[in-house]
Amino acid sequence: MADKPNKPQKLKARLPRGLADRGPAEIAATRHMVEAIRVVFERYGFEPVETPAIEYTDALGKFLPDQDRPNEGVFSFQDDDEQWLSLRYDLTAPLARYVAENYQNLALPYRSYRYGYVYRNEKPGPGRFRQFMQFDADTVGAASMAADAEMCMLAADTMEALGIKRGSYVVKVNNRKVLDGVMTALGLSGEENAGRRLTVLRAVDKLDRLGRGGVGALLGEGRKDESGDFTKGAGLADKQIADLLDFLSPKFPFNLEVTKDERIIHEQSEEAEQISDDQIVGKRGSNKSTIATLRPLFDNSAFQTGLDELEAIANLTAACEYQQHQICIDPSVVRGLEYYTGPVYEVELLIETKDDKGRPVRFGSVGGGGRYDGLVSRFRGEPVPATGFSIGVSRLQAALTALGKLNNKPEPGPVVVTVFERDRIADYQKMVAALRNAGIRAELYLGNPKNNLGTQLKYADKRGSPCAVIQGGDEKKLGLVQIKDLIAGAEIATTEDRADYLKKQADAQFAVKEDELVEAVRNLLARHKLA
């Protein structure tokens with residue numbers, strides 16, 4: 001007896017970890033966000049530029065030290081000439097390559113924006129993806145702190161353009177030179193201390209989450225978290241830890257209270273006594289008092305130069321009437337340890353929501369940037385100052401959706417022209433063409449032609465169509481078409497009043513002359529505010 005042939009195994013449909021499919025509603029929300037950001041960026045004079053998703057790995061600066069293979073954090077492959085190529089890790093390194101390659105033809109300072117997906121070959125986790133969208137703006141060729149101040153103002157204006165009110169976000173600013181000065185004062189300068197510096201800065205970056213006590217533990221011997229896992233610390237002496245914590249949380253001569261109606265008042269004023277606790281968004285020192293308090297802490301040139309630059313940014317943003325609860329000097333901000341060389345900024349959402357278990361959730365950082373004077377210089381061998389700001393579009397969209405500040409409903413589907421008689425496809429297609437030529441989204445039902453009208457109307461409902469067009473033989477003889485209002489039809493099911501029910505039922509399907517189809521559909525869309 002002959003063996004039965006093996007049945008071919010079906011391929012299992014599965015999505016790789018760390019990636020996500022996106023439907024029409026999410027894509028539409030992204031489109032609205034990107035357009036709002038683009039309008040602000042262009043208002044600032046930035047022009048668009050696109051760079052490819054794939055670059056030479058060395059252009060991205062992602063080779064491991066002293067090894068002829070790429071960093072594990074990037075997706076890489078070898079070309080047929082054995083050169084390494086990688087998917088872009090961010091949008092900044094490709095811009096640096098573009099500017100260096102086209103340097104002689106660009107108007108300097110070169111101001112550009114770009115958006116697109118970037119890729120990280122990292123272990124995925126909750127809210128941590130291998131592909132996500134960023135939207136960047138950069139100024140290349142300007143050494144002035146005015147360029148950095150402008151990035152901070154751009155960040156604030158963009159948040160407000162996306163519907164995030166003042167008091168619900170803050171642009172926090174620090175300076176890499178300030179951090180370098182602190183490391184020098186603590187005796188952690190030089191290559192031999194590179195590992196400890198990284199441990200210290202990573203601990204500093206956790207200040208918002210762990211507080212002074214948790215950070216202090218990480219700066220010392222180490223810290224055991226709630227699960228019992230132990231993280232080895234930086235091994236600093238008690239005096240070093242105390243000095244660093246004083247830098248991170250300076251004791252101001254006075255605090256400011258920021259209220260939900262955007263006022264700023266002194267904590268010790270009479271007005272402060274009349275403000276209830278629920279009106280206060282937060283307390284922080286003024287930018288001027290922050291810098292004045294930090295000045296005497298460490299007396300080395302890097303630290304003092306960094307403070308000078310922060311003071312210039314604070315003065316410039318204040319001159320343009322940006323408030324301290326919009327743009328604030330914060331010594332705890334740590335970003336881009338690899339290539340930032342001066343001011344660094346981070347946009348943080350201050351709004352809280354709750355997770356599925358009712359626990360408070362703070363979204364934290366949704367964008368940031370800084371000065372990277374060495375990135376373009378790698379290609380040209382001469383100083384090329386640059387600064388930029390990046391919005392994490394995917395992360396910000398998730399935050400705005402969770403907060404109910406982003407419409408995540410799918411856009412209405414197209415008008416569906418049904419097929420009542422199979423031998424009259426050309427007539428129905430002509431109706432579709434008339435609607436499309438009038439700028440109305442429309443489609444012909446292209447499913448099984450044997451499907452009855454009920455099946456076709458269910459399809460239109462599933463598509464979210466506002467209405468369906470029907471024409472049988474009787475209507476054709478009379479020169480009429482039937483329009484079924486699917487939105488009104490859905491409302492009938494929830495109507496309890498009989499008179500109202502009968503009226504809506506009559507409105508839900510009506511006949512018009514064939515040559516009045518376009519106008520009738522246009523009126524229906526306007527009635528439902530979809531025009």
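Please refer to the structure higher up on the page.
Heads up: these notes are all about the structure in this document. (Residues numbered from 1 in each chain as written. Predicted model: local features only at pLDDT ≥ 70, side-chain atom pairs only at ≥ 80, totals over all residues. Heavy atoms only, no water.)

The next thing to look at is the sheet that holds strand β20 (residues 480-485). Sheet architecture is open: five strands sit in the order β18-β17-β19-β20-β21, paired in mixed fashion. Edge positions in the sheet fall to β18 (442-444) and β21 (509-513), since each of these pairs with one other strand and no more. The sheet shows a mean angle of 25° between the axes of neighbouring strands, taken without regard to direction. Strand direction decides the pairing type here: strand β17 (residues 415-417) and strand β19 (residues 467-470), joined by two bridges, are parallel. The partner of Val416 across the bridge, within β19, is Ala468. Along the sheet, helix α14 (residues 425-437) makes contact with β17, β18, β19 and β20, crossing β18 at roughly 170°. Of the strands in this sheet, β17, β18, β19 and β20 touch helix α15 (residues 453-462), which is tilted by about 150° from β19. (Pairing = 2+ DSSP bridges. Helix = DSSP H or I, 4+ residues; strand = E, 2+ residues; numbered from the N terminus. Axes fitted to C-alpha atoms, helices over the stretch in contact; angles between N-to-C directions. Contact = heavy atoms within 4.5 Å.)

With that settled, consider the pattern of salt bridges. Using the criterion set out here, one finds 25 salt bridges in the structure. Across the salt bridge formed by Arg295 and Glu311, the nearest N and O atoms sit 3.1 Å from each other. With Arg295 in the loop between α10 (287-294) and α11 (301-319) and Glu311 in helix α11, this pair connects stretches of sequence that are 16 residues apart. Take Arg295: its relative accessible area is 23%, and that puts it in the partly exposed class. Notably, a salt bridge pairs Glu519 with Arg522, separated by 3.4 Å at the nearest N-O pair. Taken together, the residues span about one helical turn, with Glu519 and Arg522 both in helix α19 (residues 517-527) at a distance of three residues. (Salt bridge = Lys/Arg side-chain N within 4 Å of Asp/Glu carboxyl O. Buried < 20%, exposed > 50% of the residue type's maximum accessible area, 1.4 Å probe, protein only.)

One ladder, built from four bridges, connects β19 with β20; its direction is antiparallel. Looking across to β20, one finds that Cys467 is bridged to Asp485. As paired elements, β20 and β21 share five bridges and run antiparallel to each other. Paired with Ile483 across the bridge in β21 is Phe510.

Look at the link from Leu108 to Pro109: it is a cis peptide, with omega at -5°. Along the chain, Pro109 turns up in the loop between α3 (92-101) and β5 (110-119). Its identity as a non-glycine residue notwithstanding, Glu321 has a phi of 70°, on the positive side. Checked against the element boundaries, Glu321 lands in the loop between α11 and β13 (327-329). For Glu321, a relative accessible area of 62% corresponds to the exposed category. Residues other than glycine seldom take positive phi values, yet Lys529 does so here, at roughly 55°. The exposure class of Lys529 is exposed, given its relative accessible area of 76%.

Among the residues of α15, Gln456, Leu457 and Ala460 are the ones counted as buried. Relative to the axis of α15, the buried residues are bounded by an arc of 100° and lie together on one face. Exposed residues on α15 whose side chains face more than 90 degrees from its buried face are Lys458 and Lys462. The secondary structure elements touched by the buried residues of α15 are β17, β19, β20 and α17 (486-492). The backbone nitrogen of Gly454 has a side-chain oxygen 3.2 Å away, supplied by the residue at the start of α15, namely Asn452. Remark: Gly464 follows α15 within two positions and exhibits a positive phi of approximately 75°. (Arc of directions from axis to C-beta. Polar contact = N/O pair within 3.5 Å; in protein donor to acceptor, adjacent residues only side chain to side chain.)

The values are spatial; any link to function lies outside them.
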